[in-house]
Amino acid sequence: MKAMIFSAGLGTRFKPWTDTHPKALAVVNGKSLLQRNIEYLRQFGISDVVVNVHHFPGQIREALEKNHGWGSNVTVSDETGELLETGGGLLKARHLLGGGAFLTINVDILTDAPLDQMMEAHRREEALITLAVTDRRTSRYLLFNVMNRLCGWRNVSTGEERISFPADHYTQKAFSGIAIFDPSIFGLIRFDGRFSLIDVFLDLAAGHKIVGFDHSGTRFIDVGKPDSVAAAEQLFS
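Here's what I pulled together on the structure shown here.

Reading the values: rules and limits
Residues numbered from 1 in each chain as written. Predicted model: local features only at pLDDT ≥ 70, side-chain atom pairs only at ≥ 80, totals over all residues. Heavy atoms only, no water. Helix = DSSP H or I, 4+ residues; strand = E, 2+ residues; numbered from the N terminus. Buried < 20%, exposed > 50% of the residue type's maximum accessible area, 1.4 Å probe, protein only. Contact = heavy atoms within 4.5 Å. Pairing = 2+ DSSP bridges. 1 Å grid on protein atoms, 1.4 Å probe; cavity = no way out; pocket = protein on both sides within 12 Å on 5 of 7 lines; lining within 4 Å. Points joined across faces, edges and corners; volume = space filled by probe spheres on them. Nonpolar A, V, L, I, M, F, W, Y, C, P; charged D, E, K, R; others polar. Core = buried A, V, L, I, M, F, W, Y, C linked by side-chain atoms within 4.5 Å.

Notes on the environment of Gly-217
And step 1. Along the chain, the position of Gly-217 falls in the loop between β13 (210–214) and β14 (220–222).
And step 2. On the basis of relative accessible area, Gly-217 is assigned to the exposed category, the value being 84%.

With respect to the environment of Gly-87
And step 1. On the secondary structure map, Gly-87 appears in helix α3 (residues 85–92).
And step 2. Apart from residues lying up to four places away in sequence, Gly-87 is in contact with Phe-195, Ser-196 and Leu-197.

Describing the pairing of strand β8 (residues 129–134)
And step 1. The buried count for β8 comes to six of six residues, which makes it a mostly enclosed element.
And step 2. Where burial is concerned, the two faces of β8 agree: the one with Ile-129, Leu-131 and Val-133 and the one with Thr-130, Ala-132 and Thr-134 are both buried.
And step 3. Relative to strand β12 (residues 171–181), β8 runs antiparallel, the two being bridged by five bridges. Within β12, the position partnered with Ile-129 by the bridge is Phe-181.
And step 4. Pairing geometry for β8 and β13, over five bridges, is parallel. What sits directly across from Ile-129, in β13, is Ile-210.

Concerning the layout of surface pockets
If you roll a probe as big as a water molecule over the atoms, it shows you where there is empty space left.
And step 1. In this structure, the largest pocket occupies an estimated 1,400 Å³ of space.
And step 2. Lining the largest pocket are 45 residues, and of these Arg-13, Asn-106, Asp-108, Arg-140 and Asp-222 sit closest to its centre.
And step 3. For the lining of the largest pocket, the element with the most residues is β12, which contributes six residues.
And step 4. Partitioning the lining of the largest pocket into residue classes produces 18 nonpolar, 15 polar and 12 charged.

A few points about the nonpolar core
Side chains of nonpolar character tend, in soluble globular proteins, to be buried together.
And step 1. With 41 residues, the main nonpolar core has Ile-5, Leu-34, Leu-41 and Leu-103 as its most contacted residues.
And step 2. Element by element, the count of residues in this core is highest for helix α1 (residues 33–42), at five residues.
And step 3. Sequence-distant contacts of Ile-5, that is, excluding residues within four places in its chain, are made with Leu-34, Asn-37, Ile-38, Leu-41, Val-49, Val-50, Val-51, Asn-52, Ile-105 and Val-107.

Okay, structure coming up:
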């Protein structure tokens, strides 16, 4: 299985570091977020990795070359001309991901979620997309029905909801920024240009099997702001 690490973002919440560096190279206990995720993927046999770049792309390319991809075969998807968000970035990298199932992860996510179990669940469920989720508290949730099918999205801070198909009961789960896709996804995406994968999930949920993989209880942190680095360093040595 190949993987894509979304590394192109501007990291506006991570200033002042991102005034002069890409967020992907922010350091946690001596290792960059990018290095940590490349090494994390390799623990589960994933050594062919695509990394998209936009913000200070030269620094990411230099780090990859200097460190020989930290032991993995890393290909760069160049978004220097236009930042495409996760959905547009995935679509642009289509030709680099091969013809099989693949995984995506946001570079600012650190976790020890069992990707081998997630991959097995994806195969067993014969899902189009499997989404890593937990029970943690957040402001925005994915909504699942009793069959663990994605039904919608909810922002509990604003009350906004987007329901793909109704259910008698919704279970709220926080998305972990990790997903596994069947390659047929590329023939189903109805967006182009700049768009989010959340839009893709909600657009396809009514007609296709999109399920959750709950890894609550594992280590997880979104290194979204500079003050989250200290917390990440407590979790990941």
